[in-house]
Structures are given as structure tokens and as C-alpha cells.
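Okay, here's what each chain looks like letter by letter:
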Amino acid sequence: MCSVVGYVGKNLSRSFVMQGLARLEYRGYDSAGFACLHPSDNRVIYAKVEGGVSNLLKSFDSLPIEGYVGLGHTRWSTHGGISTDNAHPHFDCKRKISIVHNGIVENHRDLRRELEQEGHIFHSETDTEVIAHVLESLLTRHENPKNAVIELVNTLEGAYAFAIIMSDQPDSMIVARKRSPLCLGSGEDEMFIASDLLAFADKTNKVLFLPDECFAFIKKDSVEVFDFNGKKLSTRFQIVDVPQVDDLKNGFEHYMLKEIYDQKKVIKDTVSNYKAQASSIWHQMGLSAPQIKCLQRISLIGCGTSWHAGLVAQFFFESIAGIKVEVGLASEMRYRTFFPDPYSIAIAISQSGETADTLEALRFLQNHKMHTVALVNVSSSTMVRQTAGYLPLYAGLEVSVASTKAFTAQVAALYWLANAMAYERGKIDKDTFKAAEDELLVVAEIIENSIEEYKREITETLAAKYAQYSTALFLGRHIAHPFAMEASLKLKEISYIFTDSYPAGELKHGPLALVDEKMPVFIFSVVDEELYHKLLTNAQEVKARKGHLIVFAFEGQTELIELADTVFIIPKVNPLLGPLAMTGLMQFFVYSIAKELGRPIDKPRNLAKSVTVE
Ligand code: F6R
């Protein structure tokens, strides 16, 4: 994870670097740092702090830090604890080389041992500091810095994106990347460098995505790109659609709350945009109508919340379009045996499009010649460039680390897609397809109305009541089970309450041993009558052990409603859209519990929004 931001240009670097870091703080916020070359004598001046960008800004009060070439970093710790010493930038022995880095150098221990034997002194526990010392050592043997960098990148193992400034090369910056993302923005006599173009989205739309396994020498008006063998590449800046930089909370206390309320619009935007693209949708996926007709299997892959969206969507494709689905947890699936199947495709689901586990899973599938499609919210992301097809999500910028509206956008898009495939395959007619689109719009209204209906009760009594529990169980059946997994994840990540989720039928096979009067058990109901009755039995099993039941039920489910200690009732919808209809209310409830506990909701401890390490 971590974010790398840099500037080389006609202006002082600090203002852009700090603004860029603030925008990319979603990538990590354990510590932050900045370094630049002093214009008078090219010495490195720097500041680094524990905590995020606001702490770094405060540290500048006492320091005259300014320079035209500068770099900055926010950290999500991998090697070494959270401390000022471990914060980036890191330096060589003579403090002539400053580096910021995103990724993991896997052979850092061996390199450190060798360097220590050569007499290098280290000041941190990080793998990053090793890079600065390796380069220092190589520069004693190579007069030409380019040759030193070639040897450097071929010495380092792992995945990385780094930016380096050197007192001996005061007008330029060296960057390199292997797997981890890095892009450059070109302005007039200035270059912007960042892990994500969001950092410079308001400055330029001329962007160069540094190709994988390449390094570059950047000056304010030129860039030279080389592959890891030192071969010069002809690369061009392209004009891209830069994301809207709308980082306002619009009066909401937290981004998460704003994003929960954005969801009605997200569903409406999803339906209208997919409707408008309907005639070209297979082409966008890199497929044709005959291929959709022959499709026998879809692999949906993702991590965390995106994986949960895939688990929900499995039911859409199987029951509406008659296509077998496998849902792969990206961090695990590539270690299993692969069974080739010519009539199958993989859809990677991701908000950021930068999740390393998902990117690696895609590489694995592509090595097996599988057709891959990205369903991604950030159109400029690596995943979009790495796949044969791309379907956009219409969530808009999601800032809160805990994903809310991206989940809704994913589920809505996949529901639409399953219906579009069903229509193409002759499983449903035009009217049924249109009715499915209308069902999504009905659900969009329910998401917001249900929050409004229960808002007062949640904020005035329920949040305080449930904030007192230290554990919770989440249960669901069928399509409501992956939704229970998502609810469980959401509560644990923002409240730090320990939670676990199960298919409700599994309760009696073990977890029931945990149930007593101190255990709140969340049950998410299903619309389907048969499944509902099975779920009812599971709820009774909990009550019989004095468990405390919090039920999300549909209108008319009287027996379940009467069993509950706390109940939320929402209108009946198409059974496959039940989880989506409950989404807003569930998220608002867990948000309110975390707020009651005084948690840093938008940036929970130890997490980052974009998980770019495996
Ligand atoms: C949880 C959450 C994470 C992400 C996961 C995948 O609220 O946000 O579990 O869903 O890290 O991220 P993306 O979707 O960016 O690939």
C-alpha cells in the first residue's frame, strides 16, 4: 500500500506534494513524510511524523522546508512498526539519496546483511531503506547513474514503485516500478509523480502510466523511460479522463455516512448508464453475442467487500441467466489447481482496481489463457489496463476506507449484467429485462427510505445499546448469507467489535455453542417462503438459548418479527434483490454503533483503502 507522490518543476514542490498525499491518504495513514532539495545547496531537507498528512503539516510550522524537486509518502506499515524512524523518506549513509517507496522488497534481509558488512549504517527496520543503501553502493561502481539504476532494479526482488531524489542530480527524479502502480502527469514545465493520478487530477490530464518493470529519469520538461535491461522505450503521455476531485463531505459528519446516502443515486446511475451502453456491452467486455450464448461458466473474483458482491451475484447469474458461477477469493484461488474451460470468462470485481491480490489472480488466469474482464470503479486503474474487457462501476469517488456505495454499485451492475446475459441467451424476454431494471430503481428508493424510517430509533437508542457488546454473530441463508458476511465485515472493521458470520443452517454444527444472553445474533431474512421457514427455525434455535436477536425482516414475516429483540422491517422485493434492499439500513446501523464508540470511522486503524500488497 502506501502512497508515493513527487514533483519536479517550476514551482515549489511542497504544496502539490502535500495536496497529493492528502488525496492518496486512503492508501495508508500510519505515518507520513516529505523531502526536497534545498534550492541553495541541494542538501536534503525533510520532515517525517507518525500519523497522517495533518500531522505532517503541523510539523512544518518550525521548518523552512522548500525546494523545486520534492517527494512525499504516506505509509501503511509492512516491515517495521509505526514510528518516525520507519516513516519515509529513507536515506543513504551520506543523506544524498532520498527515497519513498510503495511495495515490498522481498530480499531486503540478505541485502541489508551484505550492506552492513560493507559498513552501511541503517536507521530504520524498513525494506525501503535498503534500496537507498544499495543505490549508494552501486553509485561508487557506476559513474553513469542509469547503469546503477539498471543494476539496482535487477537486484531488488518483490513488487515496488519508488521515487528517488539525489543531491548530485538536483534537477531530476528517478522512479521505477515493478507490479506496484506509478503514473506521471505532465504540466507546463512541471511533472507530477504519484501512485494514483487522483493526486494530480486537477493539475493535468496528460498522463503516462509507467509501464511495468521500467524506470524513468524525470526532469521538469522531459521524461526518459527505460526497461529493466536499460533499453530506452518510446512512451507517450496520453490524454485521460481524470477523476472528479470531489472530496467534500457535503455537510455529512463522515465520508462513510455521505457514501451511504449516495447509494440511491448510485443505483439510478448504474441503471441509466448500463441501459445506455446495452448495445455495446459485449464489445466492452471484449466478447461477442455468440460468445455470451455459449458461455458455460463465469469466475467472479475479488477481495473483501468486492468478493462478497461476487458471492451475492453468483445467485443472479445462476438463477437468471443459467450460467454456472465460481466465486474466487483472489488471495487464495491462484494456489489451487486450474481446470481450463474454453467457454468461460473471469470478471474481476474491485472498487480501486489496484488490489494486488486481485491483480495477481488476474495474471494467473491470463496465464491460463482465460478471458478477463474488470468491473471496476476507478477507470484509470491498473486492473482496467490489465484486462481484455472493462465494465465501469458508477459509484463515484469512494473515500471512506470501509466500502459502502461501491458494494451497491457492484451488486446492481452484476444484477443488470445477469439479466442482459439472460436476455441475450433467450432466457427472459424484453419486458422481463425492463422489469428487472425497474426493480433496481425500487430498491434504490428502499435503501434511502428505510434509513429515514429507523434513523431516530438507531441514533437515539439502538446504537448505544449495541455498542456495549464485544462480539456479534451474523447469520443468513442462501443469498442473504454473503450479505451477512458483508455486514459482519462492516461492523468489525469500523467498530473493532469481534464478529463472525455463518450460513444460518450451520449454526447447529458448532457456533451455537457461543450463543447465550450476551451474544447478539444478527439475522438477515430472505423473501423466498421455503427458505424463510428454514431461517425461522434457526432464529428459534437462537432464542431457545437466550440469544439476543436483531432481525432484518421483510414485511409480513410475522413469526420472525415476533421472535426478535430488535427488528427492522423493509418492503418485500424480488427475492434476489433482498440483500441490496437491506444494504443502506445495515450500513447505517453499523456506522452508528462505530460512531457511538468514537471510532475513526473513515480511517479505521491498521487498514487502507487500496491494498496494493499481497
Ligand atoms: C471493506 C473493504 C475491503 C475491500 C477490499 C477489496 O470495507 O473495503 O474489504 O473491499 O480490500 O478492495 P477493492 O474493491 O478495491 O479491490
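In case you missed it, the structure is sitting above this.
Everything numeric in this text was worked out from a predicted model, so none of it was measured.

Chemist: How would you summarise the packing of aromatic side chains if you had to cite specific residues and measurements?
Modeler: Enumeration according to the criterion identifies 28 aromatic pairs in this entry. Taking the centre distance of 5.7 Å and the plane angle of 40° together, the rings of Y423 and F433 count as tilted. Placement of the pair is Y423 in helix α14 (residues 405–424) and F433 in helix α15 (residues 430–466), with a sequence separation of 10 residues. For F433, a relative accessible area of 11% translates into the label buried. What links up through ring pairs into an aromatic cluster is the set Y454, Y466, Y469, F474, F483, F522, F524, F552, F568 and F589. In this arrangement the basic side chain of R14 is found over the ring face of F60, its NZ or CZ atom lying 4.4 Å from the centre. Sitting over the face of the ring of F91, R95 holds its NZ or CZ atom 4.9 Å from the ring centroid.

Chemist: So what's going on with the pattern of salt bridges? Which residues, and what values?
Modeler: Applying the stated criterion across every chain, the model contains 28 salt bridges. Between E445 and K268 there is a salt bridge, with its nearest N and O atoms 3.2 Å apart. Of this pair, E445 sits in helix α15 while K268 sits in helix α7 (residues 263–277), placing them 177 residues apart in sequence. E424 is the partner of K293 in a salt bridge, and the nearest nitrogen-oxygen pair spans 3.5 Å. Pair noted here: K293 is in helix α9 (residues 289–294) and E424 is in helix α14, with a separation of 131 residues, a long-range link. A relative accessible area of 48% places K293 in the partly exposed class. By relative accessible area, which is 23% here, E424 ends up partly exposed. Where salt bridges share partners, they join R179, E360 and R363 into one cluster.

Chemist: Which residues make up the sheet that holds strand β1 (residues 3–9), and what values do they have?
Modeler: Ordered by their spatial adjacency, eight strands build an open sheet running β3-β2-β4-β1-β10-β9-β11-β15, and the pairing between neighbours is antiparallel. Edge positions in the open sheet fall to β3 (44–50) and β15 (238–239), since each of these has one partner strand only. Inspection of the sheet shows strand β9 (residues 183–187) paired to strand β11 (residues 206–209) by three bridges, in the antiparallel sense. By the bridge assignment for β11, L184 is matched with L208. In the packing of helix α1 (residues 13–23) onto the sheet, the strands contacted are β1, β2 (31–37), β4 (69–75) and β10 (190–194), and the crossing angle to β1 comes to about 155°.

Criteria and thresholds
Residues numbered from 1 in each chain as written. Predicted model: local features only at pLDDT ≥ 70, side-chain atom pairs only at ≥ 80, totals over all residues. Heavy atoms only, no water. Phe/Tyr/Trp six-rings, centres within 6.5 Å; stacked < 30°, edge-to-face > 60°. Helix = DSSP H or I, 4+ residues; strand = E, 2+ residues; numbered from the N terminus. Buried < 20%, exposed > 50% of the residue type's maximum accessible area, 1.4 Å probe, protein only. Lys NZ or Arg CZ within 6 Å of the ring centre and 35° of its normal. Salt bridge = Lys/Arg side-chain N within 4 Å of Asp/Glu carboxyl O. Pairing = 2+ DSSP bridges. Contact = heavy atoms within 4.5 Å. Axes fitted to C-alpha atoms, helices over the stretch in contact; angles between N-to-C directions.

Functional significance is not addressed by these values, which are geometric in nature.
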